[in-house]
Amino acid sequence: MEDRAEPTLVVYGAGNIGRGIVSLLFLQAGYRLQFYRRNVQALLEMQTKGGYVIHSQSPARTMGMTTPVREFEVLTGERALIQALADTDLMACCIYPTAFQDAARILACAVCHRAKVGIGQPLNVLLCCNEPMGSGQLQALLQSELDRLGCPALTAQVGIVPVAVYSVGFHPETGGPYDVAVSEHGYLDGDKAAFLGEPVRIPGLHWVDGVEARLYRKLYLGNLFHTLAAVYGAEKGYQRIGQCYGDRKIRTQITAAFAESEAAVLRTWHFDEKEHRQWREMMLRKMQVPSQDEVDRVIRDLRRKLGREERLIGPILLCLQQNLPSFDLVVGAAAALSRLAQEQTDFAEAFAGNPADAVAQVCGLKKSEPTEKRLLEQIVRHMQCRLDEKNG
């Protein structure tokens, strides 16, 4: 076993977030990086090519400072990952909820292995997926796996720490095949109450209370306007997010939707007034960045992003609960659903047969609920108007 005093971060799910802002902050703090992902061949090829470069994006220029990442270890399989988690006490889990089951299974094996070799320190998992309630989902799956392995008490040795990630993560237009673009001054908010033991001190990783509320705020405000900008931009044939934000009409549309969602968010959750004002300014400044992020990347997996608790429908339901207006949010959801109909023939055919049922199925809305039934009618009406305009 190597020296446990050497600070090491295992990055599970080494995609744009894991290899981007997460790796950048820990690398700058002197941590050694170990990468794991199911597509290990991509990581090995990246290593063979000499690593990759992290590009910082700022409002003043398209791309600013660059940070080469040359020294790292690739974990080539589950066995290597489990051993690595015996040699360190910190992992960043940068995956979507669809991969939680596999992560829970591997974590359970790692925790049992740690107990077997006599490691008493807790293992902390920084869950960097920007998924509200994601830590609870992963915790429940981990408990189930530990029950299956016959060591249920070991769940107390794992801290699942929800983390809000405030940075873009995409492949830049220029650079190597594995390069990643991040936001200049990007940072992480970690839930200090969920960390077992003394939280690690990393510049750019802020330990705060109430991360779940911050995750909803990011999803229903930050992710909302970014996705809507891409949806509206795709209609105009734009390829880069910077083009979308540079369009005055699009900025007006997404700013109006942002304001509606913000009113509902602030009525639902409490935030420090000064902190929220600074956060809001930081988020809206993103529209001043000549971002090279691809529109197609942002609207990828649009069906998932139209789910009931997701960025496009969740804020509308929050407005309905708070008896607040949501006109611009509804228009945005209709635009996204219209885009989905262009991309997926099964949804387009279902919509042609029974519009309300098709939308209800994608968005998780309930026709039996009067308010949600009216919402469905509004969305369908806006979609049909868009269709009529397109057909001339």
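Above this text is the structure in question.
Heads up: these notes are all about the structure in this document.

1. Details of the overall build of the protein chain
A count of helices and strands for the protein chain gives 16 helices and 11 strands. Here the protein chain has a C-alpha radius of gyration of 22 Å; the compact-globule value for 392 residues is 21 Å, and the two agree. Its C-alpha atoms put the protein chain at 70 × 50 × 45 Å along the principal axes. Split into buried and exposed, the 392 residues of the protein chain put 54% on the buried side. At a minimum sequence separation of 6, the contacts of the protein chain that also span at least 24 residues come to 71%. Element-wise, carbon and sulfur atoms account for 49% of the exposed surface of the protein chain, whose accessible area totals about 17500 Å². Positive and negative side-chain charges in the protein chain, numbering 44 and 45 respectively, have mean positions lying 2 Å apart.

2. Topic: the pairing of strand β4 (residues 66-69)
Burial along β4 is one-sided: the face carrying Thr67 and Val69 is buried and the face carrying Thr66 and Pro68 is not. Pairing geometry for strand β3 (residues 52-57) and β4, over four bridges, is antiparallel. Across the sheet, residue Tyr52 finds its bridge partner in β4, namely Val69.

3. Details of the state of the cysteines
Tallied over the full model, the rule gives zero disulfides. With no disulfide of its own, Cys93 lies 7.0 Å from the sulfur of Cys94, the closest cysteine sulfur. With no disulfide of its own, Cys385 lies closest to Cys363 among cysteine sulfurs, the gap being 17 Å.

4. Observations regarding the sheet that holds strand β9 (residues 180-183)
Within a sheet, each strand pairs with its neighbour through backbone hydrogen bonds, oriented either parallel or antiparallel. Pairing in this open sheet of three strands is mixed, and the strands run β4-β3-β9 from one edge to the other. Strand pairing shows two members of the sheet lacking a second neighbour, β4 and β9, which therefore form its edges. Direction aside, the axes of adjacent strands within the sheet are offset by 25 degrees on average.

5. Quick look at the sheet that holds strand β6 (residues 90-93)
The mixed open sheet is built from eight strands, whose spatial order is β5-β2-β1-β6-β7-β8-β10-β11. A single partner strand is all that each edge strand has here, and the edge strands are β5 (73-74) and β11 (205-208). As paired strands, strand β1 (residues 8-12) and strand β2 (residues 32-36) are joined by five bridges and run parallel to one another. Note that in β2 the partner of Tyr12 across the bridge is Tyr36. Against the sheet, helix α4 (residues 100-116) contacts β1, β2, β6, β7 (123-127) and β8 (158-166), and its axis sits at roughly 165 degrees relative to β7.

6. Some thoughts on the packing of aromatic side chains
On inspection of all chains with the given rule, the structure shows 13 aromatic pairs. The interplanar angle of 70 degrees and the centroid separation of 5.2 Å between the aromatic rings of Phe195 and Trp207 together place this pair among those described as edge-to-face. Taken together, the positions of Phe195 in the loop between β10 (187-191) and β11 and Trp207 in strand β11 put the pair 12 residues apart, joining distant regions of the chain. Assessed through its relative accessible area of 8%, Phe195 is described here as buried. By relative accessible area, Trp207 is classed as buried at 13%. One aromatic cluster is present, built from ring pairs that chain together Phe35, Tyr52 and Phe72. Over the ring of Phe271 we find Arg217; its NZ or CZ atom is 4.3 Å from the centre of that ring. Its guanidinium or amino end placed over the ring of Trp279, Arg217 lies 4.3 Å from that ring's centre, counting from NZ or CZ.

7. Notes on helix α2 (residues 40-48)
Where α2 is concerned, the buried positions are Val40, Ala42, Leu43 and Met46. Viewed end-on, α2 has its buried residues packed into an arc of 160 degrees, placing them on one side of the element. Structural note: α2 exposes Gln41 and Thr48 on the side pointing more than 90 degrees away from its buried face. In this structure, the buried residues of α2 make contact with α1 (18-28), β2, β3 and β5. One or two residues past the end of α2 sits Gly50, with phi positive at roughly 95 degrees.

8. Quick notes on the packing of helix α13 (residues 327-343) against helix α16 (residues 370-390)
Remark: α13 packs on α16, axes separated minimally by 9 Å, with the N-to-C direction vectors making an angle of 60 degrees. Compared by their axis directions, α13 and α16 come out oblique. In this structure, the crossing between α13 and α16 has a hand that is right-handed. Taken together, the residues of α16 that come into contact with α13 (itself represented by Phe327, Val330, Val331, Ala334, Ala335, Leu337, Ser338 and Gln342) are Leu375, Gln378, Ile379, His382, Met383, Arg386 and Lys390. Residues that form the contact of α13 with α16 fall into these classes: nine nonpolar, four polar and two charged.

9. Here we look at the nonpolar core
Counting residues in hydrophobic clusters, the biggest one holds 68 residues, and the most contacted among them are Ile254, Leu337, Phe347, Val359 and Ile379. Counting residues per element, this core draws most heavily on helix α6 (residues 211-235), which supplies 15 residues. Look past the residues within four positions of Phe347 in its chain and what remains in contact with it is Arg303, Leu337, Leu340, Ala341, Ala358, Val359, Val362 and Met383. Counting 38 residues, the second-largest nonpolar core is a separate cluster that includes Tyr31, Ile54, Leu90 and Tyr178.

Reading guide: rules and limits
- Residues numbered from 1 in each chain as written.
- Predicted model: local features only at pLDDT ≥ 70, side-chain atom pairs only at ≥ 80, totals over all residues.
- Heavy atoms only, no water.
- Helix = DSSP H or I, 4+ residues; strand = E, 2+ residues; numbered from the N terminus.
- Rg over C-alpha atoms; globule rule 2.2 N^0.38 Å.
- Buried < 20%, exposed > 50% of the residue type's maximum accessible area, 1.4 Å probe, protein only.
- Contact = heavy atoms within 4.5 Å.
- Areas by Shrake-Rupley, 256 points an atom, 1.4 Å probe, with all protein chains shown as cover.
- Lys, Arg positive; Asp, Glu negative; His and termini not counted.
- Charge placed at Lys NZ, Arg CZ, Asp CG, Glu CD.
- Pairing = 2+ DSSP bridges.
- Disulfide = S-S within 2.5 Å.
- Axes fitted to C-alpha atoms, helices over the stretch in contact; angles between N-to-C directions.
- Phe/Tyr/Trp six-rings, centres within 6.5 Å; stacked < 30°, edge-to-face > 60°.
- Lys NZ or Arg CZ within 6 Å of the ring centre and 35° of its normal.
- Arc of directions from axis to C-beta.
- Parallel < 35°, antiparallel > 145°, perpendicular 65-115°, else oblique.
- Left-handed = near helix turned anticlockwise from the far one by under 90°.
- Nonpolar A, V, L, I, M, F, W, Y, C, P; charged D, E, K, R; others polar.
- Core = buried A, V, L, I, M, F, W, Y, C linked by side-chain atoms within 4.5 Å.

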